[in-house]
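An overview of the molecular structure
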Number of protein chains: 2
Amino acid sequence: MLSKAQNKYIRSLSLQKYRKEHNVFIAEGDKIAREWLDSDARIQHIAVTEEWAGDNRALINRHPEAALHIVDDDQLKSISTLQTPHHVLLVVHANRPGDEMPANEWCIVLDDIQDPGNMGTIIRIADWFGVKHVICSPGCVEIYNPKVVQSAMGGHLRVNIRTAPLDDFLQQANMPVYAASLHGQNIYEVSKPTYGVLVIGNESKGISEAILDRAQHKITIPRLGGAESLNAAVSAGIICALLMGR
Amino acid sequence: MLSKAQNKYIRSLSLQKYRKEHNVFIAEGDKIAREWLDSDARIQHIAVTEEWAGDNRALINRHPEAALHIVDDDQLKSISTLQTPHHVLLVVHANRPGDEMPANEWCIVLDDIQDPGNMGTIIRIADWFGVKHVICSPGCVEIYNPKVVQSAMGGHLRVNIRTAPLDDFLQQANMPVYAASLHGQNIYEVSKPTYGVLVIGNESKGISEAILDRAQHKITIPRLGGAESLNAAVSAGIICALLMGR
């Protein structure tokens with residue numbers, strides 16, 4: 001059961017302000033919840049339908065620190081950030097991101113990515129290609145936005161994601177910078193580097209001038225058809241596959 | 001101005017049933033609307049804010065067949081399928097898709113893609129890589145779902161998209177079939193074919209057995225990190241880049 005106060009608290013977490021204040025975030029749905037329960041993350045609340053709790057008893061038992069609430073569909077709907085809630089919602093403590101610098105390995109830098117689906121998908125791509133660091137400009141959508149968590153599919157657990165002024169980060173990282181651009185070198189003609197920083201720009205404005213100036217390599221996926229552009233996450237996936245894949 | 005009846009009619013088009021009945025669909029937002037107005041599509045209604053109409057007079061004048069409605073933000077919101085409407089909404093006549101078969105060229109086949117964002121993004125990818133045919137299984141989300149139209153970014157104008165039983169299509173097409181799978185040949189070791197059918201499967205179930213049986217090539221993007229899978233549209237983008245890009 002959820003008390004009125006708990007219900008109100010969890011509902012408030014759909015707003016970034018309250019997530020920040022309490023340093024928690026929401027992870028929802030069958031697959032995502034199992035990823036988080038199967039990890040060492042500290043869970044604060046587990047709200048589940050009776051059926052899901054029955055099917056996932058062992059996972060739930062891994063988290064004695066969490067308050068467990070058996071809820072019905074209506075209660076779940078009242079706290080969910082999804083249009084169609086899926087059996088389970090977790091409130092998870094946000095970790096302070098590590099601040100170790102990537103060294104001679106790939107990392108991905110996001111310059112003002114606005115769409116939470118894009119950010120989550122890029123984190124999932126990083127997770128697939130073994131990229132351990134994603135650095136987000138302060139103008140990006142919040143790392144713990146529910147839709148980011150949703151589309152990252154557990155990527156937050158394996159990828160170190162943090163917010164930093166990009167200029168400072170690039171200076172410190174001191175690695176070759178590859179900027180995804182519509183007017184750069186044909187990516188098929190770029191020699192496959194073993195490490196570097198891949199910068200993905202804002203969905204409509206691209207990469208800011210200051211960051212472009214720092215990029216030794218502006219790279220482009222050549223267009224063979226009529227589309228004006230590619231989606232930011234798809235571009236990130238293609239570039240990772242071409243530069244890092246094997 | 002929109003009459004009450006027109007308002008009701010346009011609102012009804014958020015449901016597939018009424019889109020099918022009237023053979024129209026909705027295209028919304030600045031960029032998408034400009035793509036459609038700049039085309040030879042037959043437009044039925046143009047609902048725009050005064051400002052947008054002023055800025056895009058020439059585009060609007062290309063469509064004397066359309067009923068033009070100057071609306072305020074509240075009216076636009078009442079007919080919009082978006083959470084935050086963007087200045088303009090079009091009701092567009094759906095074309096009967098062409099039924100010519102792809103011949104010695106790439107085409108993309110979607111096996112029960114459910115997420116409209118994924119379908120739209122894959123159409124945009126096809127459009128970028130010059131793939132002229134996308135064939136959707138009857139179990140896919142509707143081709144003219146507003147979110148598909150939104151994320152395809154005008155791809156419907158340049159890509160021939162149609163629904164067909166995949167088995168029949170593959171038999172007729174008679175081209176080598178490449179199936180995206182989690183357990184196939186390393187895509188980096190596949191020789192770059194000049195044409196074929198690329199099959200992308202359902203977001204959770206993948207490609208159906210019957211279609212997999214027809215695939216001469218099961219191909220996999222090797223995983224280098226911890227993610228369980230890649231998003232369907234991202235996989236499609238990566239495979240297109242690796243097989244068709246240059």
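This structure is a prediction, so every number in the text was calculated from the model and none was measured.

Check the secondary structure of chain A and you find 11 helices and 10 strands. Relative to a compact globule of 246 residues, whose C-alpha radius of gyration would be 18 Å, chain A shows 20 Å and is just as compact. In terms of overall dimensions, chain A has a C-alpha envelope of 60 × 40 × 35 Å along the principal axes. Counting only residues that meet the buried cut, chain A has 48% of its 246 residues in that class.

Right, let's get into the relation of the copies chain B and chain A. Take chain B, turn it by 180 degrees, move it 0.0 Å along the axis, and it overlays chain A with an RMSD of 0.0 Å. Taken together, the rotation and translation describe the operation of a two-fold axis. Of the residues that chain B buries at the interface, 100% are likewise interface residues in chain A, meaning the two copies contact each other through the same surface.

What follows concerns the sheet that holds strand E10 (residues 217-220) of chain A. All names here are of chain A. Spatial strand order, E7-E6-E5-E9-E8-E10: six strands in an open sheet with parallel pairing. The open sheet is flanked by strand E7 (160-163) and E10, the only strands paired with a single partner. Neighbour-to-neighbour, the strand axes of this sheet turn through a mean angle of 35 degrees, independent of strand direction. In the sheet, strand E8 (residues 177-186) pairs with E10 via five bridges, with the strands oriented parallel. Considered in E10, the bridge of Asn186 is made with Thr220.

Another aspect to go through is unusual backbone geometry. Glycine aside, the phi torsion of most residues is negative, and most peptide linkages are trans. Non-glycine residue A:Asn174 carries a positive phi angle of around 50 degrees. Position of A:Asn174 among the secondary structure elements: in the loop between helix H9 (166-173) and E8. A:Asn174 gets classed as exposed once you count the C-beta atoms within 10 Å, which come to 10. One non-glycine residue, B:His87, lies in positive phi territory at about 70 degrees. Within the secondary structure layout, B:His87 lies in the loop between helix H6 (73-79) and strand E4 (88-93).

Moving on to the pairing of strand E1 (residues 24-28) of chain B. Where burial is concerned, most of E1(B) is hidden: five out of the five residues are buried. Neither face of E1(B) is left uncovered, since the one carrying B:Val24, B:Ile26 and B:Glu28 and the one carrying B:Phe25 and B:Ala27 both have all their residues buried.

Residues and elements named next belong to chain A. With 13 residues, helix H7 (residues 116-128) extends 18 Å between its outermost C-alpha atoms, agreeing within 8% with the 18 Å of an ideal straight helix rising 1.5 Å per residue. Within H7, 13 of the 13 residues are buried, leaving the element largely enclosed by the surrounding structure. Taken from the residues just after H7, Gly130 is the one with a positive phi, measuring 75 degrees.

Moving on, we get to the sheet that holds strand E1 (residues 24-28) of chain A. Residue and element names in this part refer to chain A. Taken in spatial order, the four strands line up as E1-E4-E2-E3 in an open sheet, and their pairing is mixed. Both edges of this open sheet fall to E1 and strand E3 (67-70), since each of them pairs with a single strand only. Taken pair by pair, the neighbouring strands of this sheet meet at an average axis angle of 15 degrees, ignoring direction.

Glancing now at the domain arrangement of chain A. Residue and element names in this part refer to chain A. You can read the domains of chain A as domain 1 (4-93) and domain 2 (107-243). Its C-alpha centre places domain 1 at a distance of 30 Å from the equivalent point of domain 2. The interface is formed by 13 residues belonging to domain 1 together with eight residues belonging to domain 2. Top contributing element to the side of domain 1 that touches domain 2 by residue count: E1, with four residues. Split by residue class, the side of domain 1 that touches domain 2 holds four nonpolar, five polar and four charged.

Residues and elements named next belong to chain B. Taking burial as the measure, the five residues of strand E9 (residues 196-200) include five buried ones, the bulk of the element. The side-chain alternation of E9 yields two buried faces, one formed by Gly196, Leu198 and Ile200 and the other by Val197 and Val199. Sheet topology places strand E5 (residues 106-110) next to E9; five bridges connect them, and they run parallel. The residue bridging Trp106 from the neighbouring strand is Gly196, located in E9.

About the criteria used
Residues numbered from 1 in each chain as written. Chains lettered and ligands numbered in written order. Predicted model: local features only at pLDDT ≥ 70, side-chain atom pairs only at ≥ 80, totals over all residues. Helix = DSSP H or I, 4+ residues; strand = E, 2+ residues; numbered from the N terminus. Rg over C-alpha atoms; globule rule 2.2 N^0.38 Å. Buried ≥ 20, exposed ≤ 12 C-beta atoms within 10 Å, placed from the backbone. Least-squares fit on C-alpha atoms with pLDDT ≥ 70 in both. Contact = placed C-beta atoms within 7 Å. Pairing = 2+ DSSP bridges. Axes fitted to C-alpha atoms, helices over the stretch in contact; angles between N-to-C directions. Expected span 1.5 Å × (residues − 1). Domains from an automatic or database assignment. Nonpolar A, V, L, I, M, F, W, Y, C, P; charged D, E, K, R; others polar.

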